Amino acid sequence: MDTLYIACDFKVKPVQPGTEILIAELGEAGFESFVENEEGVIAYIQKSEWEPSYLENIYILNSGEFEITYEVEEIAQVNWNEEWEKNFQPIEVDGICTVRAPFHPEPATAYDIVIEPKMSFGTGHHETTHMMIQHLLRLDLKGKKVLDMGCGTGVLGILAEKLGAAEVDAIDIDNWCYLNSLENVERNRCEVTSVYEGNAALLEGRRYEVIIANINRNILLNDIPAYAACLEPGGILLLSGFYKDDIPVIDELCVKFSLNFTENLEKNHWVAVKYLHAIS
Ligand SMILES: C[S@@+](CC[C@H](N)C(=O)[O-])C[C@H]1O[C@@H](n2cnc3c(N)ncnc32)[C@H](O)[C@@H]1O
């Protein structure tokens, strides 16, 4: 079944830094996927999530700081491979991990993740994915049970398996992301990663030592109690998908569930925060 999408084709002047700021704002607002080009960016959102007034609340479009024009189009399927071949450059994180498409040459980094992103979020280009990869590279995941909540392309769960996790559950609410994660898990020859379509309701009765969730502020505020309920004492929770300014409200909730702030990475106002589940 085809999922209908809204594609907004933004022409931005100057392209940098205007496009970067626009993508950050659209990502926070709920746009799922971005294809950058020489003139700006095409941003995608599921039609079911879209309202005609949606762009009115995107500050950068109305601030006058950048000259931005756009066209809105409804689409079903497009040739994503062609789009990504034109636009997707490999991403290297800390000289240790590369995220690339199948048509890129094999890298020399210790970890090589091959992603065909299609419509899903999670190529390592976004600040939040990049920082979550950085966090993961610094953890000892050997033998751990890991949850990748809001897996998108599956990139973080795939990396968790490559870093030695004993078992990885990757969950996404979106059918397209679920299917894309399945494909990418297979493409990377993962053996201990299972992909599920769903949300925090699936977590009942499950236990994890590490939980990764790069989603957005509101979903996290809703689902942190469910994450805490299935995180082992001494376990680690990595959260991203929100801005630095949102840390206090996220922190306030986490503390109530014995999740203690330990470390924070920050890039272009986006953050990725590490919490430790207190041992009671
Ligand atoms: C910002 S993307 C992150 C993708 C990938 N994990 C990464 O770090 O690049 C967030 C993902 O969360 C999914 N999502 C949104 N709400 C969700 C929910 N309530 N439960 C599970 N997944 C959700 C979206 O479909 C999307 O794929």
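Since we're looking at a predicted model, the values are computed, not measured.

**A short note on the environment of Ala110**
With respect to the element layout, Ala110 can be found in the loop between strand S6 (97-100) and strand S7 (111-114). Taking the C-alpha atoms as reference, Ala110 lies 11 Å from Leu159; in sequence the two are 49 residues apart.

**Quick word on the domain arrangement of the chain**
Taken domain by domain, the chain holds domain 1 (5-78) and domain 2 (91-277). Inter-centroid distance (C-alpha atoms) of domain 1 to domain 2 is 24 Å. Each side of the interface is counted separately: domain 1 has 13 residues, and domain 2 has 14 residues. Taking both sides of the interface into account, the surface hidden between domain 1 and domain 2 amounts to around 1,100 Å²; carbon and sulfur atoms contribute 52%. The tally of links from domain 1 across to domain 2 stands at zero salt bridges. For the interface between domain 1 and domain 2, the tally reads three residue pairs in polar contact (both at pLDDT 80 or more). Those elements that place two or more of their residues in the side of domain 1 that touches domain 2 are helix H1 (15-29), strand S2 (33-36) and strand S3 (40-46). Looking at the side of domain 1 that touches domain 2 element by element, the count peaks at six residues for H1. When grouped by side-chain class, the residues that make up the side of domain 1 that touches domain 2 number five nonpolar, four polar and four charged.

**Overview of helix H6 (residues 175-187)**
Residues three or four positions apart in an α-helix share a direction because the helix packs 3.6 residues into each turn. With 13 residues, H6 should reach 18 Å at 1.5 Å per residue; the first-to-last C-alpha distance of 18 Å fits that figure. Along H6, the residues that are buried comprise Trp176, Cys177, Asn180, Ser181, Asn184 and Val185. The buried side chains of H6 occupy one side of the element, clustering within an arc of 160 degrees when seen end-on.

**Notes on the packing of aromatic side chains**
All chains considered together, the criterion is met by seven aromatic pairs. Here the aromatic rings of Phe31 and Tyr54 are separated by 5.7 Å at their centres, their planes lie at 75 degrees, and the arrangement is edge-to-face. With a gap of 23 residues between them, Phe31 in the loop between H1 and S2 and Tyr54 in the loop between S3 and helix H2 (59-62) connect regions that are remote in the sequence. Judged by its relative accessible area of 2%, Phe31 falls in the buried class.

**Section: the packing of helix H4 (residues 127-138) against helix H5 (residues 155-162)**
One way to put it is that H4 packs onto H5 with a least axis distance of 10 Å and a crossing angle of 15 degrees. As summarised for this structure, H4 and H5 are arranged roughly parallel, according to the angle between their axes. Here H4 and H5 pass one another in a crossing that is right-handed. In contact with Thr129, Met132, Ile133, Leu136 and Leu137 of H4, H5 contributes Val155, Leu156 and Leu159. Partitioning the contact of H4 with H5 into residue classes produces seven nonpolar, one polar and no charged.

**Overview of the sheet that holds strand S8 (residues 145-149)**
Strand order in the open sheet formed by seven strands is S10-S9-S8-S11-S12-S14-S13, and the pairing between neighbours is mixed. If you trace the sheet from one side to the other, it starts and ends with strand S10 (193-197) and strand S13 (259-267), each paired once. Across the sheet, the axes of successive neighbouring strands diverge by a mean angle of 15 degrees, strand direction being ignored. Bridge count for strand S9 (residues 167-172) against S10 is five bridges, and the pairing is parallel. Bridging from a neighbouring strand, Val168 pairs with Thr193 of S10.

**Remarks on the side chain of Asp112**
Examined against the element boundaries, Asp112 turns out to sit in strand S7. At 2.7 Å, the side chain of Asp112 forms a polar contact with the side chain of Arg100. Leaving out residues up to four positions away in the same chain, Asp112 has contacts with Thr98, Arg100, Glu106, Pro107, Lys162 and Asn188.

**Digging into the pattern of salt bridges**
One pass over the full model with this rule turns up 12 salt bridges. The shortest N-O distance in the salt bridge between Glu74 and Lys47 comes to 3.2 Å. Pair noted here: Glu74 is in strand S4 (residues 67-75) and Lys47 is in the loop between S3 and H2, with a separation of 27 residues, a long-range link. Residue classification places Lys47 among the partly exposed positions, given a relative accessible area of 36%. Between Glu167 and Lys145 there is a salt bridge; the shortest N-O distance is 3.8 Å. Of this pair, Glu167 sits in strand S9 while Lys145 is found in strand S8, placing the two residues 22 residues apart along the sequence. We classify Glu167 as partly exposed; its relative accessible area is 38%. Judged by its relative accessible area of 30%, Lys145 falls in the partly exposed class. When salt bridges with common partners are traced through the structure, they connect Asp9, Lys11 and Glu39 into a single cluster.

The rules behind the values
Residue numbers here run from 1 along each chain, matching the order of that chain's written sequence. At least 70 in pLDDT is required for a residue's local features to be given in this predicted model, at least 80 for side-chain atom pairs to be given and counted, and no such filter applies to totals for whole chains, interfaces and linings, which use all residues. Side-chain calculation: all heavy atoms of the structure are included, whereas hydrogens and water are not. Numbering goes from the N terminus for both helices and strands, where a helix is a DSSP run of H or I of at least four residues and a strand is a run of E of at least two. Here the limits of each domain have been adopted from an automatic or database domain assignment. For this analysis, residues touch if any pair of their heavy atoms sits within 4.5 Å. By buried area we mean how much accessible surface two parts lose on assembly, using a 1.4 Å probe and totalling the loss over both. Definition used for salt bridges: Asp or Glu carboxyl oxygen within 4 Å of a side-chain nitrogen of Lys or Arg. Any pair of nitrogen or oxygen atoms within 3.5 Å is treated as a polar contact; in protein, a donor-acceptor pairing is required on top of that, and neighbouring residues in sequence qualify only through side-chain atoms on both sides. Note on residue categories: nonpolar means Ala, Val, Leu, Ile, Met, Phe, Trp, Tyr, Cys or Pro, charged means Asp, Glu, Lys or Arg, and polar means any other residue, Gly included. In this analysis, the expected span of each helix is defined as 1.5 Å times one less than the number of residues it contains. Only protein chains enter the accessibility calculation, which uses a 1.4 Å probe. A residue is then buried if its area is under 20% of the maximum for its type, exposed if over 50%, and partly exposed in between. Taking the helix axis as origin, the arc is that swept by the directions to the C-beta atoms. Classification of ring pairs uses Phe, Tyr and Trp, with its six-membered ring standing for Trp, and accepts pairs whose centres are within 6.5 Å; under 30 degrees between planes counts as stacked, over 60 as edge-to-face, and the remaining range as tilted. Every angle, taken between N-to-C directions, lies between 0 and 180 degrees, and every axis is a line fitted to C-alpha atoms, over only the stretch in contact when it is a helix. Oblique is the label for any angle not under 35 degrees, not over 145, and not in the 65 to 115 range, which are roughly parallel, roughly antiparallel and roughly perpendicular in turn. Should the near helix be turned counterclockwise from the far one by less than a right angle, the crossing is left-handed, whereas a clockwise turn marks it as right-handed. Strands are labelled as partners when DSSP assigns at least two bridges between them.

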